[in-house]
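Coordinate analysis (summary)
One letter stands for each residue in the lines below.
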Amino acid sequence: LTIYGVRILLQRELPDGMVALPVICLGCYGLTAQLMLEPWREEKAWAKGFTRLFPAAFPIFSVLLFVALYQRIGEYGFTSERYLALAIAVWITVSSLVLLVRRTANPAFVPALLALAAMISAIGPLNLRAVCLKSQSTELLSLLSQRSPENEARIASVLQYIAFNYDRATVEKIIGPLDLKG
């Protein structure tokens, strides 16, 4: 990931969709290892080394992850995948920072923080469905207001996303009644 990050910095261009997954996997595996190594942290040098290195290293990689998510969400809006990637990125980064600052923190806060992120994603005004629908509706209306042959594919893509993840009534609320007879 370090070499990948340096390559991105040198080229000053993010590859399409290939940043979030490796960083999120590193974070999830790293946090899991961190929690599993907790009992041996004081006894084994290698466990102590990992539990000190991971919380310090991951926030550096998370910068790359947040930049990639910011760019994709800015260009195309929130989708379920981007929303979940952002929620997981925040969870891993906050957990890593807490482990870095408070080495004696109770490891139970990591799954508790994940449960909190899951609750926010499922209920309330910031839930996944509401945020994604609002974002994609705004994106669709913006594209429709500047309709041109160049953005027809994006309009179709946004409509397809909304139709697949919501229902016909939702699409009709955004763009008006659909005439499917002709």
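Higher on the page you've got the structure.
Residues numbered from 1 in each chain as written. Predicted model: local features only at pLDDT ≥ 70, side-chain atom pairs only at ≥ 80, totals over all residues. Heavy atoms only, no water.

**Some remarks on the side chain of Thr93**
- Residue position: Thr93 is located in helix α4 (residues 80-101).
- Here Thr93 falls in the buried class, since its relative accessible area comes to 10%.
- Separated by 2.8 Å, the side chain of Thr93 and the backbone oxygen of Ala89 make a polar contact.
- The contact partners of Thr93, leaving out residues within four places of it in the chain, are Phe58, Ser62 and Phe66. (Helix = DSSP H or I, 4+ residues; strand = E, 2+ residues; numbered from the N terminus. Buried < 20%, exposed > 50% of the residue type's maximum accessible area, 1.4 Å probe, protein only. Polar contact = N/O pair within 3.5 Å; in protein donor to acceptor, adjacent residues only side chain to side chain. Contact = heavy atoms within 4.5 Å.)

**Things to note about the pattern of salt bridges**
- If you walk through the whole model with that rule in mind, you get 2 salt bridges.
- The residue Arg154 makes a salt bridge to Glu139 at a minimum N-O spacing of 2.2 Å. Here Arg154 is found in helix α7 (residues 152-165), whereas its partner Glu139 is found in helix α6 (residues 128-145), with 15 residues between them in sequence.
- Its relative accessible area of 30% is what places Arg154 among the partly exposed residues.
- The buried category is assigned to Glu139, whose relative accessible area is 15%. (Salt bridge = Lys/Arg side-chain N within 4 Å of Asp/Glu carboxyl O.)

**Considerations on the packing of α4 against helix α5 (residues 109-122)**
- Following both chains from N to C, one finds α4 and α5 inclined at 155°, their axes separated by 10 Å at the closest point. The angle between the axes of α4 and α5 places the two elements in the roughly antiparallel class. The chirality of how α4 crosses α5 is right-handed. Contacts between α4 and α5 involve Tyr83, Ala87, Trp91, Val94, Ser95, Val98 and Leu99 from the first element and Phe109, Val110, Leu113, Leu114, Ile120 and Ser121 from the second.
- In terms of residue class, the contact of α4 with α5 is made up of 11 nonpolar, 2 polar and no charged. (Axes fitted to C-alpha atoms, helices over the stretch in contact; angles between N-to-C directions. Parallel < 35°, antiparallel > 145°, perpendicular 65-115°, else oblique. Left-handed = near helix turned anticlockwise from the far one by under 90°. Nonpolar A, V, L, I, M, F, W, Y, C, P; charged D, E, K, R; others polar.)

**Considerations on α6**
- Spanning 18 residues, α6 covers 26 Å between terminal C-alpha atoms, matching the ideal 26 Å at 1.5 Å per step.
- All buried positions along α6 are accounted for by Leu128, Val131, Cys132, Ser135, Gln136, Ser137, Glu139, Leu140 and Leu143.
- In this structure, the buried side of α6 is in contact with α3 (45-76), α4, α5, α7 and α8 (168-175).
- Of the residues flanking the start of α6, the one acting as N-cap is Asn127, its side-chain oxygen 3.0 Å from the backbone nitrogen of Arg129. (Expected span 1.5 Å × (residues − 1).)

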